[in-house]
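So the chains spell out like this:
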Amino acid sequence: MVGARVRREQIAYLVSRGRSQRRACALLSVARSTATYTSRLAAKDAPVLAVMRELALQYPRFGYRRIHVFLARRGQRMSPDRAHRLWRTAGLQVPRRRPRRRVATGRPRPVPATGANHVWAYDFVFDACANGQALKCLTVIDEYTRECLAIDVAGGIRSRRVIEVLAQLVTTHGAPAYLRSDNGPEFVSRAVLAWLQKAGITTALNDPGKPWQNGADESFNGKFRDEQLSLQWFRNRVEARVSIEQWRRHYNEVRPHSSLAYLTPLEFKASQRAKRDDEGRSPAMPAHADQEEHNAPLTDPIGAVLQ
């Protein structure tokens, strides 16, 4: 059994060999309406394919599922099946990489994240500029919300620089309960451990030779290299800092994440905050009561107003 498109091609071949269209349809047992039918699907799909190719050029490492989310944001709403059909029709599939062989382990990851700002993870990614300058990138993420809190780019990053980055993040986001990392010298130095103890942050170090215990940050580092470092050509460190910071903002604010039901980290973080507020509000309390309580000044036990 062949489809109507193939039947039309067979009829066109017989016509090119001197047979009439009526005779060709009779020989192939095909209705003449099939030979003269003009599909309207191509005209319907053309605008979507144009937008899809544009997005594929902008995000060459994204598959059809994330492109489907971007199409919906642009008003091109469709089913995932149609998006997959058009994606394959246009030949935009991302080449598959040979998966690495993984060894299963029975030990779970220590201290899994259970909420926002519960577990942070940090690690290093290395690259180089076109002028030969080395790049050392310190990546810090929130394991639960997948938000990239910071990517510090420099030629060399030691424990003092690590403390400065963490101190700035704690000032902005508050201190996490745990900080996960490997046993690198920048992470287990006495200065870093002393600062973490002073800040009330507990370390969650990987076992030696088991980087998968820091799987969330390792996964982020893979996306960072795949979608940014491997696609960009940095002439110097200044250009690298600007480009990487732009990508970090895009990662948090625009890029849909499959692990977050195709929400961005900031959207997921806002939804979790709203859900937590709804659960904490009593049924008898009106919605505006929380806002009034939030606007009221806080007082300590002796009545002093806290600024």
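Refer to the structure printed above.
Residues numbered from 1 in each chain as written. Predicted model: local features only at pLDDT ≥ 70, side-chain atom pairs only at ≥ 80, totals over all residues. Heavy atoms only, no water.

## Details of the overall build of the chain
Now for step 1: Within the chain, the secondary structure is distributed over 12 helices and seven strands.
Now for step 2: Only carbon and sulfur atoms are counted for the fraction: they give 52% of the accessible area of the chain, which is about 19,200 Å². (Helix = DSSP H or I, 4+ residues; strand = E, 2+ residues; numbered from the N terminus. Areas by Shrake-Rupley, 256 points an atom, 1.4 Å probe, with all protein chains shown as cover.)

## With respect to unusual backbone geometry
Now for step 1: Positive phi is not limited to glycine here, since Asn 117 has a value of about 65°.
Now for step 2: You can see Asn 117 is positioned in the loop between helix H6 (80-89) and strand E1 (119-128).
Now for step 3: For Asn 117, a relative accessible area of 23% translates into the label partly exposed.
Now for step 4: In this structure, Tyr 262 takes a positive phi of about 60° despite not being glycine.
Now for step 5: Assignment of secondary structure puts Tyr 262 in the loop between helix H10 (237-253) and helix H11 (265-280).
Now for step 6: Judged by relative accessible area, which is 26%, Tyr 262 ranks as partly exposed. (Buried < 20%, exposed > 50% of the residue type's maximum accessible area, 1.4 Å probe, protein only.)

## Focus: the side chain of Asn 214
Now for step 1: Mapped onto the secondary structure, Asn 214 falls in the loop between strand E5 (202-205) and helix H9 (215-229).
Now for step 2: Among residues more than four places away in sequence, those in contact with Asn 214 are Ala 121, Tyr 122, Asp 123, Glu 143, Arg 180, Ser 181 and Asn 206. (Contact = heavy atoms within 4.5 Å.)

## Remarks on helix H8 (residues 190-199)
Now for step 1: All of the buried residues in H8 are Val 192, Trp 195 and Leu 196. Along the axis of H8, the buried residues cluster in a sector spanning 100°; they form a single face. Seen from the buried face of H8, the exposed residues on the opposite side, beyond 90 degrees, are Arg 190, Gln 197 and Lys 198.
Now for step 2: Elements that come into contact with the buried residues of H8 comprise E1, helix H7 (159-173), strand E4 (178-181) and E5. (Arc of directions from axis to C-beta.)

## Points about the pattern of salt bridges
Now for step 1: Applying the stated criterion across every chain, the model contains 12 salt bridges.
Now for step 2: Here Glu 143 ties to Arg 180 by a salt bridge, and the two come within 2.6 Å at their closest N and O atoms. One end of the pair, Glu 143, is in the loop between strand E2 (134-142) and strand E3 (148-154); the other, Arg 180, is in strand E4, and 37 residues separate them in sequence.
Now for step 3: On the basis of relative accessible area, Glu 143 is assigned to the buried category, the value being 3%.
Now for step 4: With a relative accessible area of 0%, Arg 180 lands in the buried category. (Salt bridge = Lys/Arg side-chain N within 4 Å of Asp/Glu carboxyl O.)

## Let's talk about the sheet that holds E4
Now for step 1: Across the sheet, which stays open at both edges, the five strands sit in the order E3-E2-E1-E4-E5 with mixed pairing between neighbours. Pairing within the sheet leaves two strands with one partner each, and these edge strands are E3 and E5. Shown here is a sheet whose adjacent strand axes are inclined to one another by a mean of 25°, direction ignored.
Now for step 2: Sheet topology places E1 next to E2; nine bridges connect them, and they run antiparallel. Bridge pairing in E2 places Asp 123 opposite Thr 139.
Now for step 3: Packing of H7 onto the sheet brings it into contact with E1, E2, E3 and E4, and relative to E3 it is tilted by some 150°. (Pairing = 2+ DSSP bridges. Axes fitted to C-alpha atoms, helices over the stretch in contact; angles between N-to-C directions.)

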